[in-house]
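The primary structure of each chain is shown beneath.
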Amino acid sequence: ETGVTQSPTHLIKTRGQQVTLRCSSQSGHNTVSWYQQALGQGPQFIFQYYREEENGRGNFPPRFSGLQFPNYSSELNVNALELDDSALYLCASSPQTDRANTEAFFGQGTRLTVV
Amino acid sequence: AQTVTQSQPEMSVQEAETVTLSCTYDTSENNYYLFWYKQPPSRQMILVIRQEAYKQQNATENRFSVNFQKAAKSFSLKISDSQLGDTAMYFCAFMGYNTDKLIFGTGTRLQVFP
């Protein structure tokens, strides 16, 4: 166990709806990254939050948005869900204190199914 | 743009034997990090081993070792004395020196047979 928890573990939504996924980072970690893992693929970077500010974004449309709270937990919001949004969403936290410490600790993910 | 390629979708090995998983990458950077992650059916990504590009010595972690060939942009993972618990998806990943974004390959599914 890494100490990174995600909720819910599974979720089914209808196309066009909105969804919020949650992540609690490991204690002492101030950076949270979100990844989308489609079936049979490697994870794709969505964005990263560092001290409550977005700190880098991958090739995802604006309907993917996020938040980071003062306790460093984070939310991923997806609006206007599409069928292709069905995937495993992974959250990873890291301390980001200096370049020597680059290990990211992953949660178990949220499996989102859009029907 | 950086890319990571894993050309072996599936591999199998008998318990106690050795298996090598391949990974190649493309980057114009000189300093970067490379990783192997394990993803068991529980879905949680677990770091197996990490290599800093500026270190010539290959990283080792118990039964896991890498063969890092910087000029060839190759980063293979060797698992010695394979165990049933090693059965999982294995992902190779790249991280640039000035970023915390991981770029993953498509993964290799490893099955360890008794």
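As the structure is a prediction and not an experimental result, all values here were calculated from the model.

Rules of the game
Once a new chain begins, its residue numbering starts again from 1 and follows that chain's sequence as written. As they are written, the chains are lettered A onward and the ligands numbered 1 onward, keeping that order. Residues qualify for local features only when their pLDDT is at least 70, as the model is predicted, and side-chain atom pairs are given and counted only at 80 or more; totals for whole chains, interfaces and linings, by contrast, use all residues. Neither water nor hydrogens contribute to the side-chain values; these are computed over all heavy atoms in the structure. Here, two residues are considered to be in contact whenever any of their heavy atoms come within 4.5 Å of each other. For any pair of parts, buried area is found by adding up, for both, the accessible area (1.4 Å probe) each one loses once the two are put together. When a carboxyl oxygen of Asp or Glu is within 4 Å of a side-chain nitrogen of Lys or Arg, the pair counts as a salt bridge. Within 3.5 Å is the distance limit for a polar contact, defined as a pair of N or O atoms, with the added protein rule that one can donate a hydrogen and the other accept it, and that residues adjacent in sequence qualify only through two side-chain atoms. Strands here mean DSSP runs of E at least two residues long; helices mean DSSP runs of H or I at least four residues long; both are numbered from the N terminus. Any residue outside Ala, Val, Leu, Ile, Met, Phe, Trp, Tyr, Cys, Pro, Asp, Glu, Lys and Arg is labelled polar, Gly included; the first ten of those are nonpolar and the last four are charged. Only the six-membered ring of Trp is used, alongside the rings of Phe and Tyr, when aromatic pairs are assigned; centres must lie within 6.5 Å, and planes under 30 degrees apart are stacked while those over 60 apart are edge-to-face, with the rest tilted. Relative accessibility thresholds used throughout: buried, under 20% of the residue-type maximum; exposed, over 50%; partly exposed, between the two (1.4 Å probe, protein chains only). By nonpolar core we mean a set of buried residues, namely Ala, Val, Leu, Ile, Met, Phe, Trp, Tyr and Cys, connected to one another through side-chain atoms within 4.5 Å. One requirement defines pairing of two strands: DSSP has to find at least two bridges between them. To obtain each axis, a line is fitted to C-alpha atoms, and for helices this fit is confined to the stretch in contact; angles are then taken between N-to-C directions over 0 to 180 degrees.

So, on to the interface of chain A and chain B. Contacts between the two partners involve 26 residues from chain A, matched on the other side by 22 residues from chain B. Carbon and sulfur atoms supply 46% of the area buried between chain A and chain B, which totals about 2,000 Å² over both sides. Along the contact surface separating chain A from chain B lie 0 salt bridges. Taken together, the links from chain A to chain B amount to 7 residue pairs in polar contact (both at pLDDT 80 or more). At the level of elements, β4 (31-37), β5 (44-50), β9 (87-94) and β11 (110-114) of chain A are the ones that each hand at least two residues to the side of chain A that touches chain B. Considering only residue class, the side of chain A that touches chain B consists of 8 nonpolar, 14 polar and 4 charged.

Here we take up the packing of aromatic side chains. The geometry of an aromatic ring pair comes down to the distance between the two centres and the angle between the two planes. Enumeration over the complete set of coordinates arrives at 16 aromatic pairs over all chains. On the numbers, 5.7 Å between centres and 65 degrees between planes, the contact of A:Tyr35 with A:Phe45 is edge-to-face. Of this pair, A:Tyr35 sits in strand β4 while A:Phe45 is found in strand β5, placing the two residues 10 residues apart along the sequence. Taken individually, A:Tyr35 and A:Phe45 each receive the classification buried, so the pair is uniform in this respect. By way of ring pairs, the aromatic residues A:Tyr35, A:Phe45, A:Phe106, B:Phe35, B:Tyr37, B:Phe91 and B:Phe104 are connected into one cluster.

A word on the nonpolar core. Judged by nonpolar contacts, the single largest core of 26 residues is most densely connected at B:Tyr25, B:Trp36, B:Phe75, B:Leu77 and B:Tyr90. Those elements giving two or more residues to this core turn out to be β3 (19-21), β5 (32-39), β6 (46-52), β8 (64-69), β9 (74-79), β10 (88-96) and β12 (108-113) of chain B. Among the elements that make up this core, the one with the highest residue count is β10(B) (4 residues). Counting residues in each nonpolar core, the second largest holds 20 residues, with A:Leu11, A:Leu21, A:Leu76 and A:Val78 among its members.

All right, on to unusual backbone geometry then. Residues and elements named next belong to chain A. In this structure, the amide linkage connecting Ser7 to the following residue, Pro8, adopts the cis form with an omega of -10 degrees. Within the element layout of this structure, Pro8 appears in the loop between β1 (5-7) and β2 (10-13). The backbone of Tyr72 shows a phi angle near 75 degrees, a positive value even though the residue is not glycine. Checked against the element boundaries, Tyr72 lands in the loop between β7 (64-68) and β8 (74-78). The partly exposed category is assigned to Tyr72, whose relative accessible area is 27%. Backbone geometry places Ala80, a non-glycine residue, at a positive phi of 45 degrees.

Bringing the sheet that holds β8(A) into the picture now. All names here are of chain A. Within the open sheet, the 4 strands sit side by side as β1-β3-β8-β7. Their pairing is antiparallel. Looking at the sheet topology across the chains shown, the edges are occupied by β1 and β7. Adjacent strand axes in the sheet meet at a mean angle of 20 degrees, parallel and antiparallel pairs treated alike. One ladder, built from 5 bridges, connects β7 with β8; its direction is antiparallel. Note that in β8 the partner of Leu67 across the bridge is Glu75.

Any functional reading would require information that these geometric values do not contain.
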